[in-house]
Structures are given as C-alpha cells and as structure tokens.
Amino acid sequence: MGRVSDARRRIPRTDAVLRDPRLVDAASRLGPGPVKAAVRQAQERARHGALAPEEVADTAVALLPRAVGGLRPVINATGVLLHTNLGRAPLSAAARQAVQDAAGPTDVELDLRTGVRARRGRTALEALRGRVPSAAAAHVVNSNAAAVVLAATALAAGREIVISRGEMVEIGDGFRLPDLLVSTGARLREVGTTNRTTMDDYAAAIGPETAFVLKVHPSNFRITGFTRAAGIRELAALDVPVVSDIGSGLLAPHPLLPGEPDAETQLRAGAALVTASGDKLLGGPQCGLLLGDAELVRTLSRHPLARALRVDKLTLAALEATLRGPDTPTAVFLAADAAGLARRAERLAATLGAAGIDVRAVPSAATVGGGGAPGVALPSAALSLPERYAAALRTGPVPVVGRLEGGRCLLDLRAVPEEDDERLADAVRSAAER
C-alpha cells in the first residue's frame, strides 16, 4: 500500500505535463481543452496503478484526438459509391483545395475590379450553366429537397401541383415528398395510379389553380411490369410549366446509366425547371441545383426563402471546382475496370494471406446508391474476411466500413481509391491483431 501511495505522489502535476513540447504543439492545433482532458485521463490511469507516473506524458500524447471535430475519415468498402451514411460523394482533390482556399476572406460577393458588391457565387453559376448549355439560368441552394421546397413555395403556395401517384416517393429517413410539398402551402393534385399515369390523366387535372406539373424520378426504387408514365416531352405540351426533379445530379447522359435522367436532356425535352443534387452523381458537395427558364429561376432566386436556403462560400468553391476540374472520385469509381479491380483484390489477398489472415479475393457487385440508378449492378471485386472483422475494422485506427454477406465481411474495392490499398491492408492487419 505504501508503494502505491509513493507512486501516486510521483504523478507529475498538470502544468508540468503540459510543458511537454509534444503537448504544447498539440494545444496549438487542437486547443487547450482536448489536451488538458488527455493529460487528466492519463493522470487518472496512473492514480489507479494502470501505468507508471513517468508514462503520463507519453500516454497523454497517445490519447490525443486526431482532430478537434467529431467526424472521422473512413474507407468506404461497402460497394455503395454514394453512401448516404458516409456523406455521399467524396470531393475531388481540386474541390478540397478550393475549400481550403475559400476558408479565409474571399471575393464571394465582391467585384475586386470595381470594388462594388457582386452576385454571390457568380463564377460557380457560370460553371454550372457551362455544363448544362440548355439552362438559361441557374441557382444553388443547400440541398435538392430545398430546391423542390423553394420551387413549390415561390410558384405554388396556395395553388395546385399536379403529380403522379407513382411518384409520391419517400426520400430517406422518413421524409416523404408529399409532406414536404404540402408544408409549403401548396395543394397536391394526385393523378393516375401507382403503376400507370397517362397524358390524359395529367390533361384532365390541369386547371386555373395549377401552378406546375411535377415530374419526379423514382431514383431509389423501380416499378416494372404493367406500367405507363408520361415523359417530359409529352408533358411540355401542356399549358403549364413542368418541373423535373431528377434527384441524382446527372448533368448529361452517361453511357453506363442509360435509364438515369439528366438535366440537359430534360431541359431539351421541354422541362421549364430541373432540380438535382450536387453530392450524388455530379460528385460535388451537398447542394441543390435549379436549372432552366430564366424568368422562373429569377423568381425563385429573389424569393425571401432563397436567403434561408442559400449555400456558403465553401460549398460554392467546392461546387465550382467540381464542375471545372478533373474527373471526380465518383466518376472514377463509376468507370472503374472490373478486371483491374479483380487484380487489386488478388494482390491484396495474397499479401494479407501471407501474413496468416483468412482472406480471399471474390467477385462482387457494387451499386451507385444515394438515390441514383436503382437496379444497376456494377461488377466489382472484394476481399472476403471472417464476419468478426466487420466490427474490428469499423472501430480501428483507420475506420473501414464493409458489408456482411453470406456470413463473411466483404471489402468491395470499387469505391476505394487505389492509392488507399496499403491503408486498407494495414487496417486489416490491425483488425487481425485485435
């Protein structure tokens, strides 16, 4: 007992530990709060005899958080390219640099040449219009749901929105499109049935109270069999605007996704307004895109609600870099060669197997996810590990999120950048030792 008491008396004081150069540097990066908390935690361990007094500083350094924020970078090995729970589209290197550059004072609403106020996000809007030539104007809000809400509020409050019953979708986490639309003060005029809605159904519903026809792409499910849906070109013949919510953010046709609607095609077919997401197939930050008729877009952008839904300078910077820069990670993942993925999996399996780990390379099927391209399977390759690895990988120093299938933990490589292969292998080795 006396020896324990002596050891406790030798526990260094907090101010003495905080003078350690490593902790001084950490305080400049993380702030004093997290550093003091790590020191006190180490001291408490020493008081209970879990470590020697001279180990307090080293333990405090080891306990320091990686960053001030609570979000942790993860490796997405789920096989879902746009995983909502993992933040959907990863930003490109160009977009990340743009965010860093925009973190300080910027000319977001200032014309440096004249010194007078300028339109907010003007260069990002120019870039967006450049990618969708058929759009006479563009506006950006903080999500696609916000884009739909703004359109309904500005154009249809107190009036009717005509929508097919087969397009009354739930968009995730219990949020239902009909509830969202009704919350704006608009009335919904449902037409057709779940599986069949014809032009006659729409035409019969149009009247003096109609604000617009809303065409919603059911981007997270498919209806097959005895079906019928009116297209944009047909609906554009009606004497009211057609608003097309394409959801997934595809700006132009993509050869791998022939069934996915895109903004350019929808506008050419006659849509007055297209809404889309920025953090899905576009591969940019979370935001909502509004593209189309100049007068409609101006009406929306000048509505009082637009102020509450606007995006910040960091989003504008990331969006412009996404639009103007090189291929996004999402585009790279989508176009990945299945044979190349198989070779990567075989190489990793051989390396890890040589270390005595129960692992094998297996074929896999990835998906787009994020409410895009439902039913489209992308051939891929994965590492197959015992099921127990799933939890160990999620909670490791470098969190890796895979999926469970057939009693095994699969690490699908389609959404894992090749430069992360060694980090993935290290994570598996660390999980094997736990």
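Residues numbered from 1 in each chain as written. Predicted model: local features only at pLDDT ≥ 70, side-chain atom pairs only at ≥ 80, totals over all residues. Heavy atoms only, no water.

The topology assignment puts R408 in strand β17 (residues 408-412). Not counting chain neighbours up to four residues away, the residues in contact with R408 comprise D358, R360, S384, L385, P386, E387 and R403. (Helix = DSSP H or I, 4+ residues; strand = E, 2+ residues; numbered from the N terminus. Contact = heavy atoms within 4.5 Å.)

What follows concerns the packing of helix α3 (residues 21-30) against helix α4 (residues 32-47). Where α3 contacts α4, the axes come no closer than 7 Å and their chain directions differ by 140°. The orientation of α3 relative to α4 falls into the category oblique. Residues L23, A26, A27 and L30 of α3 form the contact with α4, whose participating residues are P32, P34, V35 and V39. Among the residues making up the contact of α3 with α4, the classes are represented as 8 nonpolar, no polar and no charged. (Axes fitted to C-alpha atoms, helices over the stretch in contact; angles between N-to-C directions. Parallel < 35°, antiparallel > 145°, perpendicular 65-115°, else oblique. Nonpolar A, V, L, I, M, F, W, Y, C, P; charged D, E, K, R; others polar.)

Let's shift gears to the UniProt feature "modified residue: N6-(pyridoxal phosphate)lysine" (unreviewed entry) in the protein chain. Mapped onto this numbering, the UniProt entry annotates "modified residue: N6-(pyridoxal phosphate)lysine" (unreviewed entry) at K280. For K280, the position within the fold is in the loop between β11 (273-277) and β12 (288-292). Excluding residues within four positions of it along the chain, K280 makes contact with L82, R88, A89, G247, S248, T330, G370 and G371. (UniProt positions renumbered as here; feature names shortened; annotations may be inferred.)

If you look at the biggest cluster of nonpolar residues, it comprises 36 residues, and the most contacted ones within it are L289 and L291. The dominant element in this core, judged by the number of residues it contributes, is helix α7 (residues 122-131), at 4 residues. Setting aside anything within four residues of it in sequence, one finds L291 in contact with L128, V132, A135, A137, A138, A263, L267, A272, L273, V274 and V297. In terms of nonpolar packing, the next biggest core, distinct from the first, is built from 29 residues, A152, L155, A186 and V297 among them. (Core = buried A, V, L, I, M, F, W, Y, C linked by side-chain atoms within 4.5 Å. Buried < 20%, exposed > 50% of the residue type's maximum accessible area, 1.4 Å probe, protein only.)

Every buried residue of helix α5 (residues 56-63) is accounted for by V56, A57, T59 and A60. Taken around the axis of α5, the buried residues stretch over an arc of 165°, which confines them to a single face. On its buried face, α5 is in contact with α2 (14-18), α3 and α4. (Arc of directions from axis to C-beta.)

On to the pairing of strand β8 (residues 210-216), then. Along any regular strand, the residues point their side chains to alternate faces of the sheet. Within β8, 7 of the 7 residues are buried, which leaves it mostly tucked inside the rest of the structure. Inspection of the sheet shows β8 paired to strand β10 (residues 242-247) by 4 bridges, in the parallel sense. If you follow V213 over to β10, its bridge partner there is V242. (Pairing = 2+ DSSP bridges.)

Strands belonging to one sheet form pairs held by backbone hydrogen bonds; the direction of such a pair is parallel or antiparallel. The strand order β13-β14-β17-β16 describes an open sheet built from 4 strands, whose pairing is antiparallel. Strand pairing shows two members of the sheet lacking a second neighbour, β13 (360-366) and β16 (403-405), which therefore form its edges. Strand-to-strand twist across the sheet, computed as the mean angle between neighbouring axes with direction ignored, equals 45°. As judged from the 7 bridges shared by β13 and strand β14 (residues 378-386), these two strands associate in the antiparallel manner.

Bringing the UniProt feature "domain: L-seryl-tRNA selenium transferase N-terminal" (unreviewed entry) in the protein chain into the picture now. Residues annotated in UniProt with the feature "domain: L-seryl-tRNA selenium transferase N-terminal" (unreviewed entry) correspond here to residues 8-47. Along residues 8-47, the helical share is 82% and the strand share 0%, with 6 Å between the first and last C-alpha atoms.

A few words now on the sheet that holds strand β3 (residues 160-164). Taken together, 7 strands build an open sheet; the order of strands is β2-β12-β11-β10-β8-β3-β6 and the sheet is mixed. On the outer flanks of this sheet lie β2 (137-141) and β6 (187-191), each paired with one strand and no other. Put simply, the sheet's adjacent strands are angled 25° from each other on average, direction ignored. As judged from the 5 bridges shared by β3 and β6, these two strands associate in the parallel manner. In the sheet register, I163 faces β6, and the bridge partner there is E190.

At a minimum axis distance of 9 Å, the contact between helix α8 (residues 144-156) and helix α13 (residues 294-301) shows a crossing angle of 100°. Between α8 and α13, the angle falls in the class roughly perpendicular. Residues L150, A151, A154 and L155 of α8 touch α13, and the partners they reach there are L296, T299 and L300. Counted by class, the contact of α8 with α13 contains 6 nonpolar, 1 polar and no charged residues.

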